[in-house]
Amino acid sequence: MFDPDIAPSGTLLGLLQRGRGDGPLHALATERAEALAALEHCVLRDPRLDWRVESRSLYYARLYSDLEGPLDGVEQHLFHPDDLLVPDEHRCGLALSVLGHLAGYGRRDALRLLRRYAAAGGSWSWALDELAVRDDEAGLRALGPAVVARFPETEEGDAELARAVREAYEPRPWQLWAEDAARPGTAARVRKATEQVSFDRWQRQMRSAGPTPGWSVAAVLEWAEQGLAQYPVLDRDQPAARCLASVAGPEDRPALLDAALHGPSAARAAALRHLVDRRDPKAFALLEAAAAAADERVVRAAVESFERRADDDATAHARQWAERTDPLGYAAARILARHGGPRDADLVLAALRRAVQAGGADADGLDALVEGAGRLAACRAAPVLRHLYRETSSSQLRGIAAHALAATDPGFAAGFAVECLWDCEESTRELAARKAASGDVRVLAQLRRLAADPAEEVDVQTAVRGRLSAG
């Protein structure tokens with residue numbers, strides 16, 4: 001993942017980049033030109049640390065609607081020459097998703113812009129997926145010739161067309177084009193591509209899955225190591241560990257112990273994962289030795305295999321190791337956060353504070369520690385949780401911090417919970433709908449807006465309507 005340039009949390013741009021509920025509230029209270037500039041900056045330069053787990057599109061679309069923002073900047077961004085030279089979904093994906101929500105809100109200019117981009121843009125398939133759930137049949141049928149014409153009528157072009165049909169997230173446009181009697185040439189090509197997809201699927205089922213390791217411990221370990229010689233490098237230690245579960249017997253234990261202590265990188269990681277998963281008597285000694293290794297792959301294998309253990313022995317060792325400041329120590333704290341009891345709250349809180357001091361509000365592994373602080377009701381965690389809520393660039397982590405604050409901070413309902421009604425994350429808005437104190441006059445108005453918004457998620461609307469019906 002890339003590292004976006006995030007503005008300070010106290011600025012309007014920083015609030016909008018983080019997706020915080022205070023962002024729209026501040027934007028609506030400031031100069032419209034300034035608010036639109038900050039909003040456009042976010043939409044055209046995706047600020048998310050991980051677009052796969054963080055939401056922003058509905059959040060920004062709602063603010064565009066509230067500000068009645070023009071789409072000129074979005075149009076220039078989408079049709080920049082770079083879009084055709086090097087098509088990049090990361091550059092355009094957020095803007096296209098925002099346009100999709102705006103089209104759902106009835107913005108005809110957003111719908112027309114999506115249609116134009118689907119016909120001529122570089123990341124056209126994303127725009128087509130947005131249109132598939134929002135445009136009418138006539139609009140989608142009209143796009144068919146332009147989209148299909150992207151693929152030349154050659155063997156390679158037909159193969160690319162079949163791949164596009166196979167990988168389409170929303171099949172509706174392709175189904176309409178295949179049945180379009182008014183455009184027989186387009187319909188014939190799409191039907192042929194659809195038939196090719198079915199044939200390719202049958203061929204994949206008949207073909208061998210590819211090279212596999214031999215049926216011995218030595219062969220599996222060698223296969224894992226061979227992955228490091230590939231280009232790009234293939235990390236095979238995890239699949240190799242699964243293979244070892246099938247081929248290794250009691251007589252192979254000495255060889256596996258030796259590999260887990262002294263083997264080369266991938267082989268050592270695979271043997272370590274296998275022995276820890278199989279609860280070998282020496283598993284915890286192997287974990288300690290691996291945690292001190294200079295090889296990052298071996299350390300990662302130790303940490304991941306240790307965290308998968310949820311038994312009493314793993315929890316007991318986690319209590320011994322939770323104060324360590326190396327990766328094994330943080331893994332131990334995360335185990336206690338997930339599986340420990342009330343007596344482990346201080347260890348989890350101490351590890352959370354160390355992690356924030358060492359890595360800041362976006363350090364790796366904070367989500368489990370934050371969730372654990374809330375689960376264990378570590379009330380002294382409220383200050384660090386408030387800091388994470390304000391400062392983290394990850395809207396997912398902020399949501400976890402909000403849930404933890406709801407369990408640890410008596411002032412949450414009248415404080416952050418009110419702001420959370422405008423948050424970019426569905427789960428955070430749902431929490432706020434249940435917890436926000438009704439003394440703030442903004443709460444009832446926002447609850448009613450969320451209840452009436454057709455784009456709002458079902459779980460949020462369920463919570464909102466339950467709150468409204470309860471008075």
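About the thresholds
Residues numbered from 1 in each chain as written. Predicted model: local features only at pLDDT ≥ 70, side-chain atom pairs only at ≥ 80, totals over all residues. Heavy atoms only, no water. Helix = DSSP H or I, 4+ residues; strand = E, 2+ residues; numbered from the N terminus. Buried < 20%, exposed > 50% of the residue type's maximum accessible area, 1.4 Å probe, protein only. Contact = heavy atoms within 4.5 Å. Areas by Shrake-Rupley, 256 points an atom, 1.4 Å probe, with all protein chains shown as cover. Lys, Arg positive; Asp, Glu negative; His and termini not counted. Charge placed at Lys NZ, Arg CZ, Asp CG, Glu CD. Salt bridge = Lys/Arg side-chain N within 4 Å of Asp/Glu carboxyl O. Core = buried A, V, L, I, M, F, W, Y, C linked by side-chain atoms within 4.5 Å. Axes fitted to C-alpha atoms, helices over the stretch in contact; angles between N-to-C directions. Parallel < 35°, antiparallel > 145°, perpendicular 65-115°, else oblique. Left-handed = near helix turned anticlockwise from the far one by under 90°. Nonpolar A, V, L, I, M, F, W, Y, C, P; charged D, E, K, R; others polar. pLDDT = per-residue confidence, 0-100. Phe/Tyr/Trp six-rings, centres within 6.5 Å; stacked < 30°, edge-to-face > 60°. Lys NZ or Arg CZ within 6 Å of the ring centre and 35° of its normal. Arc of directions from axis to C-beta. Polar contact = N/O pair within 3.5 Å; in protein donor to acceptor, adjacent residues only side chain to side chain. Expected span 1.5 Å × (residues − 1).

*Asks:* Before we move on, could you go through the overall build of the protein and cite the residues and values that matter?
*Replies:* Of the regular secondary structure elements, the protein holds 29 helices and 0 strands. For the protein, the spread of C-alpha atoms along the principal axes amounts to about 70 × 65 × 40 Å. Across the 471 residues in the protein, those meeting the buried criterion constitute 50%. Considering only intrachain contacts with a sequence separation of at least 6, the fraction spanning at least 24 residues in the protein is 66%. Within the structure as shown, the protein displays about 22,600 Å² of accessible surface, and the carbon and sulfur contribution to it stands at 52%. When the 59 positive and 71 negative side-chain charges of the protein are each reduced to one mean point, those points stand 3 Å apart.

*Asks:* Any chance you could break down the pattern of salt bridges for me, citing the residues and the numbers?
*Replies:* In the structure shown here, the tally under the stated rule is 36 salt bridges. Between Arg324 and Glu288 there is a salt bridge, and its shortest N-O distance comes to 3.3 Å. One end of the pair, Arg324, is in the loop between helix H20 (312-321) and helix H21 (327-339); the other, Glu288, is in helix H18 (residues 283-291), with 36 residues separating them in the sequence. Residue classification places Arg324 among the partly exposed positions, given a relative accessible area of 25%.

*Asks:* Hey, could you go over the nonpolar core for me, with residue numbers and the actual values?
*Replies:* As a rule of thumb, nonpolar side chains are buried together in soluble globular proteins. In terms of nonpolar packing, the biggest core is built from 91 residues, with Leu272, Phe306, Leu352, Val370 and Leu421 touching the most fellow members. Apart from residues lying up to four places away in sequence, Leu421 is in contact with Arg429, Ala432, Ala433, Ala436, Val443, Gln446, Leu447 and Leu450.

*Asks:* Provide a residue-level description of the packing of helix H22 (residues 345-359) against helix H24 (residues 382-391), including the pertinent values.
*Replies:* Relative orientation of the contacting elements H22 and H24 amounts to 40°, with a least axis distance of 10 Å. With respect to their mutual orientation, H22 and H24 come out oblique. Handedness of the H22/H24 crossing: left-handed. Touching Leu349, Leu352 and Val356 of H22 are Val384, Leu385, His387 and Leu388, all from H24.

*Asks:* I'd love a proper account of the packing of H21 against H22, names of residues and values included.
*Replies:* Where H21 meets H22, the closest approach of the two axes is 9 Å, and the angle between their N-to-C directions is 135°. With respect to H22, the element H21 is oriented oblique. When you trace H21 past H22, the crossing you get is left-handed. Between H21 and H22, the residues in contact are Tyr330, Ala333, Leu336 and Ala337 and Leu347, Val348, Ala351, Arg354 and Ala355, respectively. The residue makeup of the contact of H21 with H22, split by class, is 8 nonpolar, no polar and 1 charged.

*Asks:* Before we move on, could you go through the confidence of the model for the protein and cite the residues and values that matter?
*Replies:* Keep in mind that low pLDDT regions are not for reading the predicted coordinates in detail. In this model, the protein carries an average pLDDT of 92, and 96% of its residues clear a pLDDT of 70 or more. Counted against residues more than four places away or in other chains, residues 202-206, with its pLDDT under 50, gives 1 contact.

*Asks:* An account of the packing of aromatic side chains is requested, with residue identities and associated values reported.
*Replies:* One pass over the full model with this rule turns up 10 aromatic pairs. One aromatic cluster is present, built from ring pairs that chain together Trp124, Phe151, Trp174 and Trp177. Sitting over the face of the ring of Phe79, Arg116 holds its NZ or CZ atom 4.2 Å from the ring centroid.

*Asks:* Explain helix H15 (residues 237-247) to me, and be specific about the residues and the numbers.
*Replies:* Within H15 the residues assigned to the buried category are Asp237, Ala240, Ala241, Leu244 and Val247. Buried residues of H15, seen end-on, are gathered within an arc of 125° and therefore sit on one face of the element. Away from its buried face, by an angle of more than 90 degrees, H15 presents the exposed residues Arg242 and Ser246. Packed against the buried residues of H15 are helix H14 (217-226), helix H16 (253-262), helix H17 (265-277) and helix H19 (296-308).

*Asks:* Can you lay out the environment of Trp223 for me, pointing to particular residues and giving the numbers?
*Replies:* When you line up the elements, Trp223 lands in helix H14. Residues Trp223 and Glu323, spaced 100 residues apart in sequence, show a C-alpha to C-alpha distance of 37 Å.

*Asks:* I'd like to hear about the environment of Ala363, residue by residue, with values.
*Replies:* Note on placement: Ala363 falls in the loop between H22 and helix H23 (366-375). As for Ala363 and Thr392, which are separated by 29 residues in sequence, their C-alpha atoms are 9.2 Å apart.

*Asks:* Which residues make up the side chain of Glu307, and what values do they have?
*Replies:* Among the structural elements, Glu307 can be located in helix H19. One polar contact links Glu307 to Arg334, side chain to side chain, over a distance of 2.7 Å.

*Asks:* Which residues make up unusual backbone geometry, and what values do they have?
*Replies:* Pro232 follows Tyr231 through a cis peptide bond whose omega is -5°. Positionally, Pro232 belongs in the loop between H14 and H15. A positive phi angle, close to 50°, is found at Glu68, a residue other than glycine. Residue placement: Glu68 occurs in the loop between helix H4 (57-67) and helix H5 (72-78). For Ala377, which is not a glycine, the phi torsion comes out positive at approximately 50°. Among the structural elements, Ala377 can be located in the loop between H23 and H24.

*Asks:* Got a sec to walk through helix H8 (residues 108-120)? Specific residues and values, please.
*Replies:* Here H8 is 13 residues long and its end C-alpha atoms lie 18 Å apart, about the 18 Å a rise of 1.5 Å per residue gives. Where H8 is buried, its residues meet H5, helix H6 (81-85), helix H7 (89-104), helix H9 (124-132) and helix H10 (137-148).

*Asks:* A description of the environment of Ala290 should follow, citing residues and the corresponding values.
*Replies:* Here Ala290 shows up in helix H18. Once the C-alpha coordinates of Ala290 and Leu261 are considered, the two residues, 29 residues apart in sequence, prove to be 7.5 Å apart.

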